[in-house]
Amino acid sequence: MDMKALKNKLLLKPAKGKYRVFFNKWVVVSAILAFGLMLTFIDVTLSRNAAIKSFKNGIATVIADLNEIGLDVAYEEIDFDNVFVYPLMKIKNLSVYNLKGKNLWQVNIENVSARPRWWGWKKIKFDISGNIKIKFDDKIRDINSDSVKMFLSLGKKYKFQSVELYFNEVNIKDFAKIKKATLISRLTENKGTNSILPMTMESHLEINNVTLNGLLNYPLTSNIRRIYMNLNLWGELSDKEGILIGAENWLKSGGFIDVSSVMISWDPLLLVGRGDVQFNEKFEPKISLHTSSKALLNFLNDLQEKKYLERKGVFVANILLGAKAFKAKNDDEYLTLTTPITYRDNKLAVENITVKNFN
């Protein structure tokens, strides 16, 4: 066997025709991949262009709705980008503030950016970074957080479906530190079997491990373990009219908020309850809660000593509540009781005794 034949045998060189077919297959595969990537890039670009257009329309609608209820929005810069590797939208120094009312307030967020999912933009992630300032009657609170994220989900015709807001390691300067806070609100179908009203929105709020600043004049201990609320909006809200007309129609049709669950764990206080929130024609709330609690008497007395509650009301409430309070266990240090708590006409009442008049 000559050297040329031996070399061809060791390298296993394919026949001329087979080599050509093998080479052409890879060319075809490469062309298909390139074409697919091109279509994907075009689709993503078109989707982002549609998202930008919808965002601009949505921002204009939100601002108009806020103006209708006496609020406004301002920002230093706003940029949109249709290149998928960059945020869809970036806002610098976003402010929300009230235009009327006795108390002026403003919320300022340094940076907001929005990114949709690569395969669609009906779920959008918002990152909130930098300093957050809350101003209320010339009093300013600086808020910093390791992570603030919001997820907005849209349904058919890009209408609102749900919003999720997550805070981690929040520091409210000179006030409190919050380990974690979560707010989730979503549209839902009617879950009631006996109600003619549909349940249109379900919301959950949870705040964990709040450490109050030691210089504040607060009752009980400096740590609030947990605050939780489950609120359900009953009655259909139409988006065909303005926000005020829609709210009036919702109220006239019997709309209300069901407080499915509320829980406060603030040592030694432990309170759980449920109830509802009704509104009068001026949209002033009437809150009714049926509660079970431990150490509520201690909490009321502490608030009265801090001058937050009225001495006479707390004194009478103590007499009525003390008569029915009991120890759930023989070794319990604090008393357990059940009582209604209400707020209406700017008055807070416990066991139907006014303990605070906000008028």
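The structure we're discussing is the one just above.
Structural notes, computed from the coordinates. (Residues numbered from 1 in each chain as written. Predicted model: local features only at pLDDT ≥ 70, side-chain atom pairs only at ≥ 80, totals over all residues. Heavy atoms only, no water.)

Let us look at a nonpolar patch on the surface. The grouping of Phe315, Val316, Ile319 and Leu320 at the surface amounts to a nonpolar patch, some 360 Å² of accessible area in total. Assignment of secondary structure puts Phe315 in helix H5 (residues 311-324). We classify Phe315 as exposed; its relative accessible area is 55%. (Patch = residues over 30% accessible without salt bridge, like charges linked within 9 Å, V, L, I, M, F, W, Y side chains within 5 Å. Areas by Shrake-Rupley, 256 points an atom, 1.4 Å probe, with all protein chains shown as cover. Salt bridge = Lys/Arg side-chain N within 4 Å of Asp/Glu carboxyl O. Helix = DSSP H or I, 4+ residues; strand = E, 2+ residues; numbered from the N terminus. Buried < 20%, exposed > 50% of the residue type's maximum accessible area, 1.4 Å probe, protein only.)

Moving on, we come to the pairing of strand S4 (residues 105-117). Where strand S3 (residues 89-98) and S4 come together, 8 bridges link them in antiparallel fashion. The residue bridging Met89 from the neighbouring strand is Ala114, located in S4. Linking S3 to S4, which pair antiparallel, is a turn of 6 residues; within it Gly101 sits at a positive phi near 120 degrees. (Pairing = 2+ DSSP bridges.)

Attention now moves to helix H3 (residues 243-252). Among the residues of H3, those classed as buried are Gly246, Ala247, Trp250 and Leu251. Here the buried residues of H3 occupy an arc of 135 degrees about the axis, which is enough to place them on one side. In this structure, the buried residues of H3 make contact with strand S10 (223-234), strand S11 (256-266) and strand S12 (269-279). (Arc of directions from axis to C-beta. Contact = heavy atoms within 4.5 Å.)

Another point: the layout of surface pockets. Estimates place the volume of the second largest pocket at around 740 Å³. Those elements that provide at least two residues to the lining of the second largest pocket are S10, S11, S12, strand S13 (285-294), helix H4 (296-305), strand S14 (336-344) and strand S15 (347-350). Top contributing element to the lining of the second largest pocket by residue count: H4, with 4 residues. Partitioned by chemical class, the residues of the lining of the second largest pocket number 22 nonpolar, 1 polar and 1 charged. (1 Å grid on protein atoms, 1.4 Å probe; cavity = no way out; pocket = protein on both sides within 12 Å on 5 of 7 lines; lining within 4 Å. Points joined across faces, edges and corners; volume = space filled by probe spheres on them. Nonpolar A, V, L, I, M, F, W, Y, C, P; charged D, E, K, R; others polar.)

Any functional reading would require information that these geometric values do not contain.
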